[in-house]
Amino acid sequence: MDTDAREPGRSGAAERTDEDAARHDEAMRAASAFGPVGVIGAGAMGAGIAQVAAAAGHEVVLVDVVPGASGGAVEKIGAALTRLADKGRMRADDAAAVLARITPAESLEDLPNCGLVIEAVPEELELKRRIFAELADRQPATTVLATNTSSIDIDDIAADVSDPERVLGLHFFNPPPVMALVEVVHGERTAPAYVEHAAALVAAWGKTPVRCSSTPGFIVNRVARPFYGEAQRVVEAGIADAATVDWILRERGGFPMGPLELTDFIGQDVNLAVGTSVWEQTGRDERYAPTAFQRELVAAGRLGRKSGRGVYAYAADGSVEGGEPDIELAGRLVGGPVATDPLARTLAMLVNEAVDLVARGEASADDVDTAMRLGTRYPKGPIEWGRELGLDVVASWIAELDRAYPGGRYRPSPALTDGSLA
Ligand SMILES: NC(=O)c1ccc[n+]([C@@H]2O[C@H](COP(=O)([O-])OP(=O)(O)OC[C@H]3O[C@@H](n4cnc5c(N)ncnc54)[C@H](O)[C@@H]3O)[C@@H](O)[C@H]2O)c1
C-alpha cells in the first residue's frame, strides 16, 4: 500500500501557484460554511477521518470516551502532518492550520452543532445504536449522521433514531488519509438527498465516493470474498500449494498480492471474521461458507504475519521462509480445466459476485469497478474484466465448476447471460 500518498486536495508540491491558492481558499470557505464535523472514536479510523476532514478545511471535534485517547490521537495526527511537511508534501503552515482545526473531546456533550458527524467506535451494534440515538437527540435535525461501520446494517444502527432518513454509512478504508475510496452506504430509510450530499462532501475532500445499499459486506468486502475463498479451496483440494497459487494470481492475474499472502497480511482472524459476517448475513449462503482450511489456521493461532506464522512461516525480519512456487505446475494449471485453474476459478467467481450485486440493484457497474480498483487495487474492475472475458464464457466456467464441485457454491448469476450487462 502506498503510505506515501499525498494529502487530499494538495498538488503534491509544498509551494502553491496563485491558482492553487485561490482553489485552496475557496475549499476552506466552503468547508467553513458547511460547519464543524464531529468524529466519534479516536482509534485508527476516527483519527484518520478527523485528519482528512480538517485537511479539507473543517473544524473537527474528535470525541473518545477513554480519558486521554482523543488528545493522544491529535498528537499522532500532528506527528503525521509534520512528516508530510518534512517530505515537502504539504506546507508547514498548512500542516499547523490543519492540526489547529482538530479539538479533542471526551463526551458527545462536547460536540458543537455539526454539519456532519461520523461515528468510528468499535464494531458493536448496541454501542453504535446508542450513540446514534444520542446524536439524533443532541444534533440539529439537518445534521448528517454517518457510521464508518464495515459490516453492520445501516437500518439496524438507525433503529432508535426518529428521523433515520439522515443516517448513512461513510465507509472509509484504512488508512483514511491515504485510501481514496469511500463507500457511501444507504439504508432502506436513508433519503437519496442525504446520500448525494454526503457523496459530494467526500468528493470535495479529495476522495472517490461510490454508492451502494446496505448489503452484507457493502461492495468491496462482498465482491472480494471469492478472491480468498477460491485460493483456499484450491490448496485444500491439493490442486496446488499456496506459493504456486499466489504466484499464479500475481504473475498471471496481475493482482498486487496473491490471496493467501494477503490473508496473512490482513490477519487470518480478521479475514475469517469478515467472511463469516457476510456468510451469516446472507443466511449462511454456501457461496460464502468459511473454509476448514482457514478455520484451522485460526484455531491453531496461525494468524499470519502478526503471529509469525499463517499460511506461510515468517522469519524475525518478516521474510517468508520457504514458499517456493512450482512454476512448471502453474504452467499446466493455467489455461487447463477450469476446476483446477486457480486464475479462471477466481476470475469467474469475482465477476459473478460483481454482476450479481449490480443485478440486485445494490450498486452500479461503474461503482463496483471503481470500488474494487481503489479499495483492493485489483488491476481491473471485475465487470470490465467479465466483459473482456465474455460474460457467457464466465457463465460456462461457473457451470463447469458446479459440475466439478456440486453443493450450491457455484451458481451463475442470471445477469451473466440475460444481456442486461453486455
Ligand atoms: N480498522 C480498519 O481497518 C477499519 C476499516 C474500515 C472500517 N472500520 C470500522 O471503523 C470502526 C472503528 O474501527 P477502528 O479500527 O478505528 O477501531 P479502534 O478500536 O481502533 O477505535 C475505536 C475507538 O472508539 C473508542 N470508543 C469506544 N466507545 C466509545 C464511545 N462510546 N464514544 C466514543 N469513543 C468510543 C475507543 O476508545 C477507541 O479509541 C469500526 O466500526 C470498524 O469496523 C475499520
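Conventions we followed
Residues numbered from 1 in each chain as written. Predicted model: local features only at pLDDT ≥ 70, side-chain atom pairs only at ≥ 80, totals over all residues. Heavy atoms only, no water. Helix = DSSP H or I, 4+ residues; strand = E, 2+ residues; numbered from the N terminus. Rg over C-alpha atoms; globule rule 2.2 N^0.38 Å. Buried < 20%, exposed > 50% of the residue type's maximum accessible area, 1.4 Å probe, protein only. Areas by Shrake-Rupley, 256 points an atom, 1.4 Å probe, with all protein chains shown as cover. Lys, Arg positive; Asp, Glu negative; His and termini not counted. Charge placed at Lys NZ, Arg CZ, Asp CG, Glu CD. Near = heavy atom within 4 Å. Polar contact = N/O pair within 3.5 Å; in protein donor to acceptor, adjacent residues only side chain to side chain. Nonpolar A, V, L, I, M, F, W, Y, C, P; charged D, E, K, R; others polar. Pairing = 2+ DSSP bridges. Axes fitted to C-alpha atoms, helices over the stretch in contact; angles between N-to-C directions. Domains from an automatic or database assignment. Contact = heavy atoms within 4.5 Å. Buried area = accessible area lost by both parts, 1.4 Å probe. Salt bridge = Lys/Arg side-chain N within 4 Å of Asp/Glu carboxyl O. Phe/Tyr/Trp six-rings, centres within 6.5 Å; stacked < 30°, edge-to-face > 60°. Right-handed = clockwise from strand over helix to strand, strands pointing away.

**Describing the overall build of the protein chain**
Part 1: In terms of helices and strands, the protein chain carries 18 helices and 10 strands.
Part 2: Here the C-alpha atoms of the protein chain give a radius of gyration of 23 Å, agreeing with the 22 Å that 2.2 N^0.38 yields for 422 residues.
Part 3: Put simply, the protein chain has 422 residues, and 54% of those count as buried.
Part 4: Of the accessible surface of the protein chain, which amounts to about 17,400 Å², a share of 52% is contributed by carbon and sulfur atoms.
Part 5: Each charge class in the protein chain was averaged separately, 41 positive and 63 negative side chains, and the resulting centres sit 2 Å apart.

**What about the site of the ligand?**
Part 1: Neighbouring residues of the ligand: 23 residues in total, closest Met45, Asp64, Glu123, Lys128 and Ser150.
Part 2: At a separation of 2.6 Å, an oxygen atom of the ligand approaches a polar side-chain atom of aspartate 64.
Part 3: Lysine 128 is positioned with one of its side-chain polar atoms (N or O) 2.8 Å from an oxygen atom of the ligand.
Part 4: Here the ligand has 840 Å² of accessible area as a free molecule, and 73% of this is covered by the chains.
Part 5: Counting residues per element, the shell around the ligand draws most heavily on helix α5 (residues 125–138), at 3 residues.
Part 6: Residue classes in the shell around the ligand are distributed as 13 nonpolar, 7 polar and 3 charged.

**Description of the sheet that holds strand β8 (residues 208–213)**
Strand pairing within a sheet occurs via backbone hydrogen bonds; the two strands may be parallel or antiparallel.
Part 1: The strand order across the open sheet built from 8 strands is β3-β2-β1-β4-β5-β6-β7-β8, with neighbouring strands paired in mixed fashion. At either end of the open sheet lies a strand with only one pairing partner, and these are β3 (102–105) and β8. In this sheet, adjacent strand axes meet at a mean angle of 25° when their direction is disregarded.
Part 2: As judged from the 4 bridges shared by strand β1 (residues 37–40) and strand β4 (residues 116–119), these two strands associate in the parallel manner. Residue pairing for β4: valine 37 is matched across the bridge by leucine 116.

**As for the domain arrangement of the protein chain**
Part 1: Split by domain assignment, the protein chain resolves into domain 1 (18–214) and domain 2 (222–416).
Part 2: Computed over C-alpha atoms only, the centres of domain 1 and domain 2 are separated by 32 Å.
Part 3: On the side of domain 2, 9 residues touch domain 1, which itself brings 10 residues to the contact.
Part 4: Across the domain 1 to domain 2 interface the summed buried area is about 760 Å²; carbon plus sulfur atoms make up 59%.
Part 5: Between the two partners, domain 1 and domain 2, sit 0 salt bridges.
Part 6: Put simply, domain 1 and domain 2 have 3 residue pairs in polar contact (both at pLDDT 80 or more) between them.
Part 7: The biggest single contributor to the side of domain 1 that touches domain 2 is β8, with 5 residues.

**Quick look at the packing of aromatic side chains**
Part 1: Under the criterion given, the structure shown has 6 aromatic pairs.
Part 2: Seen in terms of ring centroids, phenylalanine 227 and tyrosine 228 are 5.8 Å apart; in terms of plane orientation they differ by 70°. Their pairing is edge-to-face.
Part 3: Judged by its relative accessible area of 1%, phenylalanine 227 falls in the buried class.
Part 4: Classification of tyrosine 228 as buried rests on a relative accessible area of 9%.
Part 5: Between phenylalanine 227 and phenylalanine 255, the aromatic rings sit 4.8 Å apart at their centres with planes inclined by 40°, giving tilted as the arrangement. With phenylalanine 227 in helix α9 (residues 225–236) and phenylalanine 255 in the loop between α10 (242–252) and α11 (259–266), this pair connects stretches of sequence that are 28 residues apart.
Part 6: Given the relative accessible area of 2%, phenylalanine 255 is considered buried.
Part 7: An aromatic cluster is built from Phe227, Tyr228, Phe255, Tyr378 and Trp385, whose rings are joined through pairwise contacts.

**Quick notes on the pairing of strand β5 (residues 144–147)**
Part 1: Because side chains alternate across β5, one face comprises the buried residues Val144 and Ala146, and the other comprises Leu145 and Thr147, equally buried.
Part 2: For the crossover from β4 across α5 to β5, the handedness is right-handed.
Part 3: Bridge analysis of β5 against strand β6 (residues 167–172) gives 3 bridges, and the strand direction is parallel. Residue alanine 146 lies in a different strand from β6, and its bridge partner there is leucine 168.

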